[in-house]
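The residues making up each chain are set out below.
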Amino acid sequence: MKKNNKLVLLGAALTMTAGLSMVGASVNADQVINAGQYTESAQQLQQIFTNKNKNFSLKEVSVENHNDNKQEPVYELEGFNAKKTQSAKMIVNAEKTNEVIKNKTKKMSSSDKKDANALNVNDVKKSPVDAINLAKKYASVTGNPTSWKLEMTKVNGNETPVYEVEFDGTATAASSSSASSAKSSSVKNAKAKKSSKASSKKATKSAKKVTVKLNATNGNKIAVENDD
């Protein structure tokens, strides 16, 4: 009977350990990268792409966290061949761009052909660094971008290279009324004052997901999309 109890306890311990491991993996999967560290130019990324995909045009580039538990920052490069019969997707280690993780081609569908607009890298006058700095200013958030993308998008009816920079941080714009109220309050009780300060601080800092779209030729703001 004692032996059975030991087996039961051992099984429970193993189950708990496995459960904790799964939770840990889930937490790791939710972590994000600082995409602002990876700022290869459009010209450099096009060279990396065409080195493995001859006679292909680059359509889109992006920096994001690879879809695994290694938290590996990657460049995703997408494009198509001259006849628009084949599309290619390449994933490159963002820290070692000579390390190709994936390079796969497939037949293009009719809808893919319709949406296939080549990225003219010569029109990209703003570097990723410029775009990220401008986007941070427009987003009004602290922290670093979690991803950025460059692709052709219609702006005022014209196909234009556009940066899309995403932040998932804390809003920096303070609530002036809350701050003013907290400052002018003449609370005698120290605990009440501390509580008021904490409340004000909480009011001025909130989780905020912001996506900023910029014209890659001149850096002009196209849109700022908030998802609180």
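Cut-off values and rules
- Residues numbered from 1 in each chain as written.
- Predicted model: local features only at pLDDT ≥ 70, side-chain atom pairs only at ≥ 80, totals over all residues.
- Heavy atoms only, no water.
- pLDDT = per-residue confidence, 0-100.
- Contact = heavy atoms within 4.5 Å.
- Buried < 20%, exposed > 50% of the residue type's maximum accessible area, 1.4 Å probe, protein only.
- Helix = DSSP H or I, 4+ residues; strand = E, 2+ residues; numbered from the N terminus.
- Pairing = 2+ DSSP bridges.
- Core = buried A, V, L, I, M, F, W, Y, C linked by side-chain atoms within 4.5 Å.
- Salt bridge = Lys/Arg side-chain N within 4 Å of Asp/Glu carboxyl O.
- Polar contact = N/O pair within 3.5 Å; in protein donor to acceptor, adjacent residues only side chain to side chain.
- 1 Å grid on protein atoms, 1.4 Å probe; cavity = no way out; pocket = protein on both sides within 12 Å on 5 of 7 lines; lining within 4 Å.
- Points joined across faces, edges and corners; volume = space filled by probe spheres on them.
- Nonpolar A, V, L, I, M, F, W, Y, C, P; charged D, E, K, R; others polar.
- Expected span 1.5 Å × (residues − 1).
- Arc of directions from axis to C-beta.

1. Quick look at the confidence of the model for the protein
No. 1: Summing up the model confidence of the protein, the mean pLDDT is 79 and the portion of residues at 70 or higher is 68%.
No. 2: For the stretch residues 14-30, pLDDT sits under 50, and the model shows five contacts to residues farther than four places along the chain or on other chains.
No. 3: In this model, residues 172-205 is a region of pLDDT below 50 whose contacts with residues beyond four sequence positions or in other chains number 17 contacts.

2. Some words on the pairing of strand S6 (residues 145-155)
No. 1: Counting buried residues along S6, eight of its 11 residues qualify, which places the element largely inside the surrounding structure.
No. 2: Bridge count between strand S1 (residues 56-65) and S6: four bridges; the pairing is antiparallel. Counted as the bridge partner of Ser62 is Lys149 from S6.

3. Regarding the nonpolar core
No. 1: Within the largest apolar cluster, 35 residues are counted, with the highest numbers of intra-cluster contacts made by Tyr75, Leu77, Trp148, Leu150 and Tyr163.
No. 2: Those elements that provide at least two residues to this core are helix H2 (42-52), S1, strand S2 (73-81), strand S3 (86-93), helix H4 (128-139), S6, strand S7 (158-171) and strand S8 (207-215).
No. 3: Sequence-distant contacts of Leu150, that is, excluding residues within four places in its chain, are made with Ala42, Lys59, Glu60, Val61, Leu119, Val124, Pro161, Val162, Tyr163 and Ala216.

4. A few points about the environment of Thr97
No. 1: Residue position: Thr97 is located in the loop between S3 and strand S4 (100-107).
No. 2: The partly exposed category is assigned to Thr97, whose relative accessible area is 24%.
No. 3: Those residues in contact with Thr97, other than ones at most four positions away along the chain, are Glu40, Ile48, Tyr75 and Val92.

5. Focus on the pattern of salt bridges
Pairing between side chains of opposite charge can happen when the charged atoms of each approach one another.
No. 1: Per the stated rule, a full pass over the model turns up four salt bridges.
No. 2: A salt bridge links Glu76 to Lys89; the nearest nitrogen and oxygen atoms lie 3.7 Å apart. Here Lys89 lies in strand S3 and Glu76 lies in strand S2, a separation of 13 residues in the sequence.
No. 3: Residue classification places Glu76 among the buried residues on the basis of a relative accessible area of 12%.
No. 4: The exposure class assigned to Lys89 is partly exposed, which follows from its relative accessible area of 30%.
No. 5: Between Lys209 and Glu166 there is a salt bridge, and its shortest N-O distance comes to 3.8 Å. On the criterion of sequence distance, the pair formed by Lys209 in strand S8 and Glu166 in strand S7 is long-range, its members being 43 residues apart.

6. Notes on the side chain of Asn53
No. 1: Among the structural elements, Asn53 can be located in the loop between H2 and S1.
No. 2: There is a polar contact of 3.1 Å between the side chain of Asn53 and the side chain of Asn103.
No. 3: Setting aside its immediate chain neighbours within four residues, Asn53 contacts Ala88, Met90, Asn103 and Thr105.

7. A closer look at the layout of surface pockets
No. 1: The computed volume of the largest pocket comes to approximately 280 Å³.
No. 2: When contributions to the lining of the largest pocket are tallied by element, the ones reaching two or more residues are S2, S3 and S4.
No. 3: Tallying contributions element by element places S4 first for the lining of the largest pocket, with four residues.
No. 4: Class assignment of the residues belonging to the lining of the largest pocket gives a composition of four nonpolar, three polar and eight charged.

8. Notes on the side chain of Asn93
No. 1: When you line up the elements, Asn93 lands in strand S3.
No. 2: Taking relative accessible area as the criterion, Asn93 reaches 7% and is therefore assigned buried.
No. 3: Within the structure, the side chain of Asn93 is placed 2.8 Å from the backbone nitrogen of Glu95, a separation counted as a polar contact.
No. 4: Dropping the residues within four chain positions of it, Asn93 is found in contact with Glu72, Pro73, Glu99 and Ile101.

9. Thoughts on H4
Residues three or four positions apart in an α-helix share a direction because the helix packs 3.6 residues into each turn.
No. 1: End to end, H4 covers 16 Å across 12 residues, agreeing with the expected 16 Å (1.5 Å per residue, within 8%).
No. 2: Turning to H4, its buried residues are Pro128, Ala131, Ile132, Ala135 and Ala139. Seen end-on, H4 carries its buried residues on one side only, within an arc spanning 95°. Structural note: H4 exposes Asn133 and Lys137 on the side pointing more than 90 degrees away from its buried face.
No. 3: The positive-phi residue at the C-terminal boundary of H4 is Ser140, with phi of around 55°.

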